[in-house]
Amino acid sequence: MPDSAVMTSQIKVDSKSPRTMANAIRALSMDAVQAANSGHPGMPLGMADVATVLFTRFLKFDAAKPKWPDRDRFVLSAGHGSMLLYSLLHLTGHGRPTMDEIRDFRQINSPCAGHPEYGEIPGIETTTGPLGQGLGMAVGMALAERLNAARYGDGIVDHRTYVIVGDGCLMEGISHEVISMAGHMKLGKLCALWDDNAICIDGPTSMTVSDDQCARFTAAGWHVQACDGHDAEAIAAAIAAANEDPRPSMIACKTIIGYGAPNKQGTAATHGAPLGEEEIAGARKALDWPHAPFEIPEDIASAWAQAGKRAAGESTAWQARLDALDGDTRDKFTAAQEGVIPAALFEGIAALKRQLVAEPQKMATRKASQLALEVINEALDNTIGGSADLTGSVNTKTAQTGTITAGDFSGRYMYYGVREFGMSAVMNGMALHGGFIPYGGTFLVFADYSRPAIRLSALMGQRVIYVMTHDSIGLGEDGPTHQPVEHLASLRAIPGLNVFRPADAVETAEAWELALKDSGHPSIIALSRQGLAQVRLEDSDENLVARGGYILRPASGEAKVTLIATGSEVTLALAAQEILQAEGTPTRVVSMPSTGHFDAQTPEYRKDVLGENTLKVAVEAGVDQGWHKYIGAEGIFIGMNSFGASAPAGDLYKHFGITSDKIVQAVRQRLAD
């Protein structure tokens, strides 16, 4: 089968010149920014020629079927230039944004947000704006394409990923991680189009950076070219050459920021502010665009609409090929694209829970996670695991997950190297691409490296699972640089992010089940380095972690004290309960593996679990931020109020006063007051 991108590149759009079509983008962009009195006109004006060539000659897409699985992906990593994308989607006939929505650029309830937001408009492949992350997610999409092609063949999976990057994207540290990764994996269907305009917000980039970007990409194993970003034929020749090369490609498109603005083009003045009415009038004259604001002449609109239909035949032919597959293969492909979880997974988790209850085990929850993953990866063949150079510590590899290499994409495990941020962005890209459920591991303290990508996972509602081990001072001798104390609180503060901290192997299995079932949210599973006694000793068909918090051990009588704990501290609460009850203080223990899930329960349930008339004590080897909503102003918190230290785990718990004896002492004193 001929390469679809090369095939479609031979199709020209009608007699309208590329420059005239590009000027439609420029006009919409400067008009929308001016109407909003806010935005970034420079980049859309500068990259309009490149985008026009890409969308009219190369990009394989069907505007009538924006979710066609074998479409090429287009990512605007330089998301501040969002009007470039909104203009392209409107002009190519995606249905949205409408012209009225473009007029409402950056206004409340308009899908044309300041930066592109996934899910707002068909054709926006990912949320971008935090510079560099779009490039990382594009690498993830290109990786997913290769993984899927290895499973279903080029007849079903044969598409490219194009990403526009700016100078800022290439300054961000994540660019180093993912450029290196893409070159190493030889992702030949990835093409980065660099808006090489030599301008950043502060002024000329020469004030800030003197890197030879072309040499940098070359050193990372990319195919590199440079072209005039305002010469349509030079742009087309460069993209065609890129698509013929087996390496990932970078094209340095030399452009003029704010192209067409007679007094401001080529300067930082066009980057992040409206051009102004006088400058726009001058630009209309310079571009030979005599039309009123938000007006696209019919012949130009027709030419753009034709571009949106250019690959309609390809999408129809692809559907015929999919329909011709045997039923099992077709159903498997479709289920993976739709993110369906088979019943076998839930049956396997239930069986694992029964086995654990029958034969309780003391183990680190990172090891319990691996037990759960053995079950998961047997039931699901579209999970893609990995770690940031910590496989043996985070236990993310299982018997089913062969290694993914540049020469063999049939595997299911990525060795991401020491690239936590890059790993996380790439997983976002894989999830957005569809067909896979990515999970990746590192230490919880290094969530700081991943946090911007985790935030985007939550903002986009993507099922990406972060396995974060060594979750407290319990990791011991590596000391405060590696001991997370503020991380659980900071991660719980991210809206839409599931944060699980299971207490034992059973809760760990349930946390994994919930993370997989929740197709609309990412999850953090925080796991211990040290061995933990199993606290769930009774079989339950219900997933108790789904409640967020539940009564693990009731009081022997009417409770006076409620001990609330997470993770490794649940065993301390249970030991304290025994002492207090032996002294005649009825005490119950609540396991709280997910505060977010607990907050979603009914007020009646939460009140019942917390014990309305009891002294409440929270125990967690982290900071107290967020806990007082559960224990109240009069409650007691046993945990950390400083960084950790370097010593064996047991000594650290004693040193910082996180022990069952300290819990008992605090309760005694408060009850005696």
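This structure is a prediction, so every number in the text was calculated from the model and none was measured.

Conventions used here
- Within any chain, residue numbers begin from 1 and follow the written order of that chain's sequence.
- Under the rules for a predicted model, residues below a pLDDT of 70 receive no local features and side-chain atom pairs below 80 are neither given nor counted, while totals for whole chains, interfaces and linings still include all residues.
- For the side-chain quantities, the full set of heavy atoms in the structure was used; hydrogens and water were omitted.
- Counting from the N terminus, the helices are the DSSP runs of H or I reaching at least four residues and the strands are the DSSP runs of E reaching at least two.
- Note on exposure labels: buried denotes an accessible area under 20% of the residue type's maximum, exposed denotes more than 50%, and partly exposed covers the range between, all computed with a 1.4 Å probe on protein chains only.
- Each aromatic pair joins two rings of Phe, Tyr and Trp (for Trp, the six-membered one) with centres within 6.5 Å, and gets the label stacked for planes under 30 degrees apart, edge-to-face for over 60, and tilted for any other angle.
- Geometrically, a lysine NZ or arginine CZ counts as sitting over a ring once it is within 6 Å of the ring centre and also within 35 degrees of the ring normal.
- Each pair of strands is called paired provided DSSP finds at least two bridges between the two strands.
- Where helices are involved, their axes are fitted lines through C-alpha atoms of the stretch in contact, as for all axes, and angles between N-to-C directions lie from 0 to 180°.
- Whether two residues are in contact is decided by their heavy atoms, any of which lying within 4.5 Å being enough.
- Every angle not falling under 35 degrees, over 145, or within 65 to 115 is termed oblique; those three ranges are roughly parallel, roughly antiparallel and roughly perpendicular.
- Residues are grouped as follows: Ala, Val, Leu, Ile, Met, Phe, Trp, Tyr, Cys and Pro are nonpolar; Asp, Glu, Lys and Arg are charged; every other residue, Gly included, is polar.
- Take the residue count of a helix, subtract one, and multiply by 1.5 Å to get its expected span.
- By definition, a salt bridge exists where a carboxyl oxygen of Asp or Glu is found within 4 Å of a side-chain nitrogen of Lys or Arg.
- Only a pair of cysteine sulfur atoms within 2.5 Å qualifies as a disulfide here.
- Per-residue confidence from the predictor is reported as pLDDT, which spans 0 to 100.
- Definition of a polar contact: a pair of N or O atoms within 3.5 Å, with one able to donate and the other able to accept a hydrogen when the atoms are protein atoms, and with sequence-neighbouring residues admitted only if both atoms are side-chain atoms.

**Quick notes on unusual backbone geometry**
Part 1 of the argument: Geometrically, the link from Arg 96 to Pro 97 is a cis peptide bond, its omega value of 5° lying close to zero.
Part 2 of the argument: With respect to the helices and strands, the residue Pro 97 is situated in the loop between α4 (82–91) and α5 (99–103).
Part 3 of the argument: Here the phi dihedral of Arg 106 falls at roughly 70°; this positive angle occurs in a residue that is not glycine.
Part 4 of the argument: Note that Arg 106 resides in the loop between α5 and α6 (133–152).
Part 5 of the argument: On the accessibility criterion, Arg 106 (27% relative accessible area) is partly exposed.

**Topic: the packing of aromatic side chains**
Part 1 of the argument: All chains considered together, the criterion is met by 13 aromatic pairs.
Part 2 of the argument: Between Tyr 413 and Tyr 415 the ring centres are 5.0 Å apart and the planes differ by 70°, which places this aromatic pair in the edge-to-face class.
Part 3 of the argument: The buried category is assigned to Tyr 413, whose relative accessible area is 0%.
Part 4 of the argument: Given the relative accessible area of 47%, Tyr 415 is considered partly exposed.
Part 5 of the argument: Arranged with centres 5.9 Å apart and planes meeting at 65°, the rings of Phe 598 and Tyr 630 form a pair that is edge-to-face. Here the residue Phe 598 occupies a position in helix α23 (residues 595–599), and Tyr 630 occupies one in helix α25 (residues 628–631), the gap between them amounting to 32 residues.
Part 6 of the argument: Given a relative accessible area of 0%, Phe 598 falls into the buried group.
Part 7 of the argument: Among the aromatic residues, those joined into a cluster by ring pairs are Phe 598, Tyr 605, Trp 627 and Tyr 630.
Part 8 of the argument: Lying across the ring of Phe 346, Lys 517 places its NZ or CZ 5.7 Å from the centre.
Part 9 of the argument: When the ring centre of Tyr 605 is taken as reference, the NZ or CZ atom of Arg 547 above it lies at 4.6 Å.

**Regarding the pairing of strand β14 (residues 523–526)**
Part 1 of the argument: Side chains of β14 alternate between two faces, with Ser 523 and Ile 525 and Ile 524 and Ala 526 buried alike.
Part 2 of the argument: Sheet topology places strand β12 (residues 465–469) next to β14; 4 bridges connect them, and they run parallel. Paired with Met 468 across the bridge in β14 is Ala 526.
Part 3 of the argument: As paired elements, strand β13 (residues 498–500) and β14 share 3 bridges and run parallel to each other. Counterpart to Val 499 in the pairing with β14 is Ile 524.

**Things to note about the sheet that holds strand β7 (residues 249–254)**
Part 1 of the argument: Reading across the sheet, the 5 strands line up as β1-β2-β3-β7-β6 and stay open at both edges, with parallel pairing between neighbours. The open sheet has two free edges, formed respectively by β1 (73–76) and β6 (223–228), since each of these has just one partner strand. The average undirected angle you get between the axes of adjacent strands in this sheet is 20°.
Part 2 of the argument: Two strands pair when backbone bridges link them, and β1 and strand β2 (residues 161–165) are joined in this way by 4 bridges, in the parallel orientation. Following the sheet pairing, Arg 73 is matched in β2 by Thr 161.
Part 3 of the argument: Helix α3 (residues 42–58) contacts β1, β2, β3 (190–196) and β7 of the sheet and is inclined by roughly 155° relative to β3.

**As for the packing of helix α2 (residues 18–36) against helix α12 (residues 298–309)**
Part 1 of the argument: Here α2 crosses α12 at 95°, and the two axes come no closer than 10 Å. Here α12 runs roughly perpendicular to α2, going by the angle between their axes. Of α12, the residues touching α2 (which contributes Thr 20, Met 21, Ala 24 and Ile 25) are Ile 300, Ala 303 and Trp 304.
Part 2 of the argument: The residue inventory of the contact of α2 with α12, partitioned by class, reads 6 nonpolar, 1 polar and no charged.

**Some details on the side chain of Gln 34**
Part 1 of the argument: Inspection of the secondary structure puts Gln 34 in helix α2.
Part 2 of the argument: When residues no more than four places from it in sequence are discounted, the contact partners of Gln 34 are Pro 274, Leu 275, Gly 276, Glu 277 and Ile 280.

**Here we look at helix α16 (residues 365–379)**
Part 1 of the argument: Taking 1.5 Å per residue as the helical rise, α16 with its 15 residues ought to reach 21 Å, and the 21 Å between its terminal C-alpha atoms agrees with that figure.
Part 2 of the argument: Thr 365, Arg 366, Ala 368, Ser 369, Gln 370, Ala 372, Leu 373, Ile 376 and Asn 377 are the residues of α16 that are buried.

**Some details on the pattern of salt bridges**
Part 1 of the argument: Throughout the structure, instances matching the rule amount to 23 salt bridges.
Part 2 of the argument: Notably, a salt bridge pairs Arg 547 with Glu 542, separated by 3.0 Å at the nearest N-O pair.
Part 3 of the argument: Classification of Arg 547 as partly exposed rests on a relative accessible area of 30%.
Part 4 of the argument: Through salt bridges with shared partners, one network takes in Glu 145, Arg 146, Asp 154, Asp 158 and Lys 189.

**Things to note about the sheet that holds strand β11 (residues 437–443)**
Part 1 of the argument: In space, the 6 strands of this open sheet follow the order β10-β9-β11-β12-β14-β13, with parallel pairing throughout. A strand with exactly one partner marks an edge of an open sheet, and here the two such strands are β10 (413–415) and β13. Along the sheet, successive strands turn relative to each other by an average axial angle of 20°, direction set aside.
Part 2 of the argument: Here β11 runs beside β12; their pairing, made up of 5 bridges, is parallel.

**A few points about the packing of α2 against helix α11 (residues 277–286)**
Part 1 of the argument: Running from N to C, α2 and α11 point in directions that differ by 170°, and their axes come no closer than 11 Å. Looking at the two axes, α2 sits roughly antiparallel to α11. On α11, the residues that touch Met 30, Asp 31 and Gln 34 of α2 are Glu 277, Ile 280, Ala 283 and Arg 284.
Part 2 of the argument: Of the residues contributing to the contact of α2 with α11, the split by class is 3 nonpolar, 1 polar and 3 charged.

**With respect to the state of the cysteines**
Part 1 of the argument: Tallied over the entire structure, the rule returns 0 disulfides.
Part 2 of the argument: Cys 253 supplies the cysteine sulfur nearest to Cys 191, a cysteine that is in no disulfide, at a spacing of 7.9 Å.
Part 3 of the argument: In this structure Cys 191 comes out as buried when scored by relative accessible area, which is 2%.
Part 4 of the argument: Of the cysteine sulfurs around Cys 200, a residue in no disulfide, the closest is that of Cys 169, at 13 Å.

**Comments concerning the confidence of the model for the protein chain**
Part 1 of the argument: Of the residues in the protein chain, 98% have a pLDDT of 70 or more, and the chain-wide mean is 96.
Part 2 of the argument: This stretch, residues 1–15, has a pLDDT under 50; its non-local contacts, to residues over four places away or in other chains, come to 38 contacts.

**Side note on the side chain of His 487**
Part 1 of the argument: Tracing the backbone shows His 487 in helix α20 (residues 487–492).
Part 2 of the argument: Residue His 487 is classed as buried on the basis of its relative accessible area, which comes to 2%.
Part 3 of the argument: A distance of 3.0 Å separates polar atoms of two side chains, one belonging to His 487 and the other to Asp 448.

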